[in-house]
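An overview of the molecular structure
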Amino acid sequence: MPPSTLDRIDQQILRELTRDGRISNAELAQKVGLSASPCWQRVKRLQEQGIIRGYTVVLDQALLGAPEIVMIEVILERHDDEILDAFGRTMRDIPEVLEVHLTTGEYDYLIKVAVAGTKGYEAFLREKLYRVRGIRHTRSSFVLRSLKDVQAYVPDASPATFE
């Protein structure tokens, strides 16, 4: 896709959609100062360009029975394509795994998981994570409280060019 130039209105649209992905087009148009049709065309263009990749719902993990969030740092035994690909496929298939990030530094991956307390975490480790081939070492930290939890950042550049 060729580079896309975002103007102030595109940025406003993106900010509003990150606040409420279910907002109606009419309400979105009103908030950004457009009529409905041009607003819809902009949203459609942002989707076609891949800037808007999709829409999702935010769930309350506590009400679902997995209130604890654990951040796990993982070091792999090796860094060849076979181990990296197998690790990635396995992480995608484990439901408790919310995020997986390949990182720089001492650890290879940072994984975010949702579990039901320390017993749920022990079960996750023993029955799932420690069965993954290629893991040499892990280090875990329980999240005590989330101070900010957002899914995206819309830069303030005017206009912004993305490649």
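Only a predicted model underlies this, so the values are computations on that prediction, with no experimental measurement involved. (Residues numbered from 1 in each chain as written. Predicted model: local features only at pLDDT ≥ 70, side-chain atom pairs only at ≥ 80, totals over all residues. Heavy atoms only, no water.)

1. Side note on the pairing of strand E4 (residues 109-115)
- The buried count for E4 comes to 6 of 7 residues, which makes it a mostly enclosed element.
- Sheet topology note: the strand E2 (residues 68-76)/E4 ladder contains 7 bridges and is antiparallel. Note on E4: the bridge partner recorded for Val-70 is Val-113.
- The loop that links strand E3 (residues 97-102) with its antiparallel partner E4 comprises 6 residues; one of these, Gly-105, has a positive phi angle of about 100 degrees. (Buried < 20%, exposed > 50% of the residue type's maximum accessible area, 1.4 Å probe, protein only. Helix = DSSP H or I, 4+ residues; strand = E, 2+ residues; numbered from the N terminus. Pairing = 2+ DSSP bridges.)

2. A closer look at the packing of helix H1 (residues 8-19) against helix H3 (residues 36-48)
- Viewed as axis vectors pointing N to C, H1 and H3 meet at an angle of 80 degrees, and their least axial separation amounts to 11 Å. Taken as axis vectors, H1 and H3 run roughly perpendicular relative to one another. Of the residues in H3, those touching H1 at Ile-9, Asp-10, Ile-13, Leu-14 and Leu-17 are Cys-39, Arg-42, Val-43, Arg-45 and Leu-46.
- The residue inventory of the contact of H1 with H3, partitioned by class, reads 7 nonpolar, no polar and 3 charged. (Axes fitted to C-alpha atoms, helices over the stretch in contact; angles between N-to-C directions. Parallel < 35°, antiparallel > 145°, perpendicular 65-115°, else oblique. Contact = heavy atoms within 4.5 Å. Nonpolar A, V, L, I, M, F, W, Y, C, P; charged D, E, K, R; others polar.)

3. Section: the packing of aromatic side chains
- For the structure on display, the rule yields 3 aromatic pairs.
- Ring centres of Phe-87 and Tyr-109 lie 4.4 Å apart, and the angle between their planes is 35 degrees; this geometry places the pair in the tilted category. Of this pair, Phe-87 sits in helix H4 (residues 81-93) while Tyr-109 sits in strand E4, and the two are 22 residues apart along the sequence. Across this residue pair, the class does not change: Phe-87 and Tyr-109 are buried.
- Look at Tyr-121 and Phe-124: their rings are 6.4 Å apart centre to centre, the planes differ by 20 degrees, and that puts the pair in the stacked class. Taken together, the residues Tyr-121 and Phe-124, both in helix H5 (residues 117-127) and 3 residues apart, mark about one turn of the helix.
- Given the relative accessible area of 8%, Tyr-121 is considered buried. (Phe/Tyr/Trp six-rings, centres within 6.5 Å; stacked < 30°, edge-to-face > 60°.)

4. Regarding a nonpolar patch on the surface
- A surface patch of nonpolar side chains, amounting to about 320 Å² of accessible area, comprises Val-57, Leu-59 and Leu-64.
- Tracing the sequence through the fold places Leu-59 in the loop between H3 and E2. (Patch = residues over 30% accessible without salt bridge, like charges linked within 9 Å, V, L, I, M, F, W, Y side chains within 5 Å. Areas by Shrake-Rupley, 256 points an atom, 1.4 Å probe, with all protein chains shown as cover. Salt bridge = Lys/Arg side-chain N within 4 Å of Asp/Glu carboxyl O.)

5. Quick word on the pattern of salt bridges
- Following the criterion strictly, the structure yields 12 salt bridges and no others.
- Linking Arg-42 and Asp-7 is a salt bridge whose minimum nitrogen-to-oxygen distance equals 2.9 Å. One end of the pair, Arg-42, is in helix H3; the other, Asp-7, is in the loop between strand E1 (4-6) and H1, and 35 residues separate them in sequence.
- For Arg-42, a relative accessible area of 19% gives the class buried.
- With a closest N to O distance of 3.3 Å, Arg-133 and Glu-82 form a salt bridge.

6. What to know about the sheet that holds strand E5 (residues 135-142)
- Overall, antiparallel pairing links the 4 strands, which are arranged E3-E4-E2-E5 in an open sheet. Two strands lie at the open edges of the sheet, namely E3 and E5, each paired on one side alone. Strand-to-strand, the axes of this sheet are offset by a mean angle of 20 degrees, without reference to chain direction.
- With 5 bridges joining them, E3 and E4 adopt antiparallel strand pairing. By the bridge assignment, Leu-102 is partnered in E4 with Tyr-109.
- Sitting on the sheet, H5 touches E2, E3, E4 and E5, and the angle it makes with E4 is about 130 degrees.

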